[in-house]
Amino acid sequence: MTTRVACLGDSITRAQLSVDYLGPLERRRPPGEVRLARFGVNGDFAHNLSRRLDAVVADPPDVITVLIGTNDARASLVGYPVERAMKRKQLPERPSAGWFQQCLAAAVERLRTQTDAMIALLSLPVLGQQPDGAAAQASQAYSRMIAEVATTNKAAYLPLHERQTEELRRADPPPSPYQEPTPASSVGVLVQRAVLRRGLDTVSRRRGLVLTTDHIHQNSRGAALVAEVIDAWLPTRST
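These numbers were taken from a predicted model, which means no experiment stands behind them.

Participant: Please provide a residue-by-residue account of the packing of helix H7 (residues 97-114) against helix H8 (residues 134-152), values included.
Facilitator: Where H7 meets H8, the closest approach of the two axes is 10 Å, and the angle between their N-to-C directions is 35°. The element H7 and its partner H8 pack so that their crossing is right-handed. Contact residues: H7 offers Ala97, Phe100, Gln101, Leu104, Ala105 and Val108, while H8 offers Tyr142, Met145, Ile146, Glu148 and Val149. Its residues assigned to classes, the contact of H7 with H8 shows 9 nonpolar, 1 polar and 1 charged.

As structure tokens, this is what we get:
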């Protein structure tokens, strides 16, 4: 029997600016064991995700994974264009830690009560490349909130942030200060892919980054870790 898995998230799940983690996840399982569905929207905050669950609830999968909160965490950093993001994503209030937890909890509660799916919340990919830097600390703080929401709402918690932190400390890369990507830099990545035929790993390597292409979106190594932590938890269904 095939396990139907819905993967919910933001641009990391959408996989236009990030290496796709759904492919590596599927390849970790025997052919036909899992069927993955992608529900990722670029730039989404937890609020946005909480308001677009109709498609998931209408055709409930067996398993739901949720990877959301990177943009909420970024909004807590100095220099993040909060007003522009609020307008672009039509946020009714300014992003905050409390609102993030509220929106994530509301999403999990709806999924839990309106489907029979097993639900797992992933902690966030590490922001930046310096585990002790402000960006990484923000992603760690929001990951702790995700753990709290998972416990309170009877969902599984998958330790992606912890696994990526471990990988970064092992790699011990040279310092690379966190920089908030601009719209122009994101377009630049797309141009490099489409016009110059440079893969995201090439972009990452040219920038000296271990897990990401731009301190946020995943390269193959980062995406493989996302797949790894999901696969370690994902149940195996009997045929």
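Okay, back to it.
Participant: Any chance you could break down the nonpolar core for me, citing the residues and the numbers?
Facilitator: Leu8, Ile64, Val66, Leu104, Leu111 and Leu121 are the most contacted members of the largest nonpolar core, which has 40 residues in total. Excluding residues that lie within four positions of it along the chain, Leu121 makes contacts with Val66, Leu104, Val108, Ile146, Val149, Ala150, Ala155, Ala156, Tyr157 and Leu158. Listed in part, the 28 residues of the second largest apolar core include Val19, Leu122, Leu200 and Ala227.

Participant: Give a detailed account of the pattern of salt bridges, specifying residues and quantitative values.
Facilitator: One pass over the full model with this rule turns up 18 salt bridges. The salt bridge involving Asp231 is made with Arg28; its shortest N-O contact spans 3.6 Å. Remark: Arg28 occurs in the loop between helix H2 (22-27) and strand S2 (34-40) and Asp231 occurs in helix H12 (residues 220-233); sequence separation between them is 203 residues. Relative accessible area serves as the criterion here: at 16%, Asp231 is assigned to the buried category. Taking the relative accessible area as the measure of exposure, Arg28 reaches 41% and is therefore partly exposed. Two residues, Arg169 and Asp132, come together in a salt bridge whose shortest N-O distance is 3.2 Å. Taken together, the positions of Arg169 in helix H9 (residues 160-171) and Asp132 in the loop between strand S4 (118-122) and H8 put the pair 37 residues apart, joining distant regions of the chain.

Participant: So what about the side chain of Ser143? Which residues, and what values?
Facilitator: Turning to its location among the elements, Ser143 is positioned in helix H8. Leave out the neighbours within four places in its chain, and Ser143 touches Ser123, Leu124, Tyr157 and His161.

Procedures and definitions
Residues numbered from 1 in each chain as written. Predicted model: local features only at pLDDT ≥ 70, side-chain atom pairs only at ≥ 80, totals over all residues. Heavy atoms only, no water. Axes fitted to C-alpha atoms, helices over the stretch in contact; angles between N-to-C directions. Helix = DSSP H or I, 4+ residues; strand = E, 2+ residues; numbered from the N terminus. Left-handed = near helix turned anticlockwise from the far one by under 90°. Contact = heavy atoms within 4.5 Å. Nonpolar A, V, L, I, M, F, W, Y, C, P; charged D, E, K, R; others polar. Core = buried A, V, L, I, M, F, W, Y, C linked by side-chain atoms within 4.5 Å. Buried < 20%, exposed > 50% of the residue type's maximum accessible area, 1.4 Å probe, protein only. Salt bridge = Lys/Arg side-chain N within 4 Å of Asp/Glu carboxyl O.

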